[in-house]
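Topology and contacts: notes
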Amino acid sequence: MITIGQTPRIDLTPELEALLPGVELIERGVLDGCDDVEIAGFAPEPGDHVLTTRLADGGSAIIGERTVMERLPAIIARLEQETDAILLACTGAFPEMDSKKPFFVPDRIIAHAVAAAAPSGSRVGIVSPLAEQREDALRKFQGVLGEGREVLVAASSPYTGTEAELRAASRELAESGARLIALDCFGYTAAMRAAVADETGLPVVVARSVAARIAAEALGAGA
C-alpha cells in the first residue's frame with residue numbers, strides 16, 4: 001500500500017487488513033523521511049492538482065500532485081520487488097503509471113462503482129476533503145457518470161474536520177437531491193460512512209472499502 005503521506009497509517013491499515021484477510025500489508029509513504037520544511041515545499045503550485053494526506057504524527061498536509069508524481073515511480077519500482085500487488089491509497093486523478101504487478105487505483109475504481117450504483121437520471125453527492133478539489137471531483141465523476149446524472153460536491157476533511165462538519169456536508173448534498181453519496185478520499189473511515197448514512201438515510205460508497213474489496217477479489221483474499 002502506498003500512501004501519498006507518511007506511514008504508519010494507523011487510521012487506515014486496520015480497516016484494510018480486515019478487508020484483505022490473509023494478505024500481508026506492506027506500507028510505504030511518498031512523504032516518508034521528509035521533515036516539516038520539506039513538506040511545506042511540496043505545496044501545490046499554480047495549475048497543480050491539490051491533494052491532502054495524513055502525516056505520521058497524526059497531522060495532515062496539503063501537497064501538489066506534481067510532487068507525488070516525481071516521487072511515486074521509485075516507490076512503485078521498489079515495491080514491485082517485494083509484493084504481489086500494489087494499492088494506491090489515494091483517490092487523486094493521477095496519470096497512467098507503469099507497473100509490472102497488479103496496480104489498484106482508487107480514483108478509477110470509486111468513479112465506476114458510483115456509476116454502477118447511481119440510479120439513471122439521479123443526482124449523486126460527492127464529499128471531497130477540500131473545497132479546492134471541487135472542480136477535480138466534478139470532472140472525474142461527471143466524466144464517468146455521463147450527462148444523464150448530475151454530480152454535486154461538498155467538502156469536509158477526514159483529517160482536520162469534525163463529525164459535525166461531515167454531517168453538515170452530507171446533509172447539504174441530501175437536501176440538494178442526491179440519492180447516493182460517495183466519500184472521495186482514502187482518509188474517510190467506516191465510522192465516517194456510518195455517520196453520513198445516519199445523517200442522510202442514503203446509500204454511501206467509501207473509497208477505501210470499495211478499492212480494498214476489488215483488490216481482495218483479484219488476490220483471492222480469504223478464499
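Heads up: these notes are all about the structure in this document. (Residues numbered from 1 in each chain as written. Predicted model: local features only at pLDDT ≥ 70, side-chain atom pairs only at ≥ 80, totals over all residues. Heavy atoms only, no water.)

Section: helix α5 (residues 134–145)
Under the convention used in this document: Secondary structure elements follow DSSP: runs of H or I no shorter than four residues count as helices, runs of E no shorter than two count as strands, and numbering proceeds from the N terminus. Helix span, as expected, comes to 1.5 Å for every residue beyond the first. Throughout, exposure labels follow a simple rule: accessible area from a 1.4 Å probe, protein chains only, divided by the maximum for the residue type, with under 20% read as buried, over 50% as exposed, and the rest as partly exposed. Contacts are assigned to residue pairs that have any heavy atoms within 4.5 Å of one another.
Between the first and last C-alpha of α5 there are 16 Å, a value that for 12 residues agrees with the 16 Å anticipated at 1.5 Å per step. Residues of α5 that are buried include every one of Ala 137, Leu 138, Lys 140, Phe 141 and Leu 145, and no others. In this fold, the buried residues of α5 make contact with α4 (106–117), β7 (123–128) and β8 (150–155). Immediately beyond the C-terminal end of α5, within one or two residues, lies Gly 146, with a positive phi of roughly 85°.

So, the layout of surface pockets
Quick reminder of the rule: Of the two site types, the cavity is a set of points on a 1 Å grid over the protein atoms alone where a 1.4 Å probe fits but cannot get out, and the pocket is an open set with protein on both sides within 12 Å along at least five of seven lines, each lined by residues with an atom within 4 Å of a point. Grid points are joined across faces, edges and corners, and a volume is the space filled by probe spheres set on the points. Any residue outside Ala, Val, Leu, Ile, Met, Phe, Trp, Tyr, Cys, Pro, Asp, Glu, Lys and Arg is labelled polar, Gly included; the first ten of those are nonpolar and the last four are charged.
Roughly 280 Å³ of internal volume is contained in the largest pocket. In terms of lining, the largest pocket is formed by 16 residues, of which the most central are Val 23, Glu 24, Thr 83, Ala 85 and Leu 219. Of all elements in the fold, only β5 (86–89) and α8 (207–219) reach the threshold of two or more residues within the lining of the largest pocket. When its residues are assigned to classes, the lining of the largest pocket shows 12 nonpolar, one polar and three charged.

Examining the sheet that holds strand β10 (residues 204–206)
Let me state the cut-off plainly: Only strands joined by at least two bridges in the DSSP assignment are considered to pair. Axis lines are fitted through C-alpha atoms, for helices just across the contact stretch, and the angle between N-to-C directions can take any value from 0 to 180 degrees.
Ordered in space as β8-β7-β9-β10, the four strands form an open sheet in which the pairing is parallel. Two strands close off the open sheet at either side, each with one partner strand: β8 and β10. Within this sheet the neighbouring strands show an average axis-to-axis angle of 25°, counted without direction. Pairing analysis gives five bridges linking β7 to strand β9 (residues 178–183), with the strands arranged parallel. Looking at β9, one finds that Val 124 is bridged to Leu 180. Set on the sheet, α4 makes contact with β7, β9 and β10; between it and β9 the angle comes to about 160°. Docked against the sheet, α8 engages β9 and β10, running at close to 65° with respect to β10.

Things to note about empty space enclosed by the protein
Across all of its chains, the model carries one cavity of 30 Å³ or more by this definition. One number sums up the size of the largest cavity: a volume of about 280 Å³. Taken together, 25 residues line the largest cavity, and the ones lying closest to its centre are Leu 51, Thr 91, Gly 92, Gln 133 and Asp 184. Where the lining of the largest cavity is concerned, the elements lending two or more residues are β3 (50–54) and α5. By residue number, the principal contributor to the lining of the largest cavity is β3, which donates four residues. Class assignment for the residues of the lining of the largest cavity results in 11 nonpolar, eight polar and six charged.

Structural notes on the nonpolar core
Our working definition: Here, nonpolar core means buried Ala, Val, Leu, Ile, Met, Phe, Trp, Tyr and Cys residues that are tied together by side-chain atoms lying within 4.5 Å of each other.
Counting residues in hydrophobic clusters, the biggest one holds 33 residues, and the most contacted among them are Val 114, Ile 126, Phe 141 and Phe 186. Of all the secondary-structure elements, those providing two or more residues to this core are β5, α4, β7, α5, β8, β9 and α8. With six residues, α8 is the single largest residue contributor to this core. For Val 114, the residues in contact, after removing those within four places along its chain, are Val 124, Phe 141, Leu 145, Leu 180, Ala 182 and Val 205. In terms of nonpolar packing, the next biggest core, distinct from the first, is built from 24 residues, Leu 51, Val 68, Ile 76 and Leu 79 among them.

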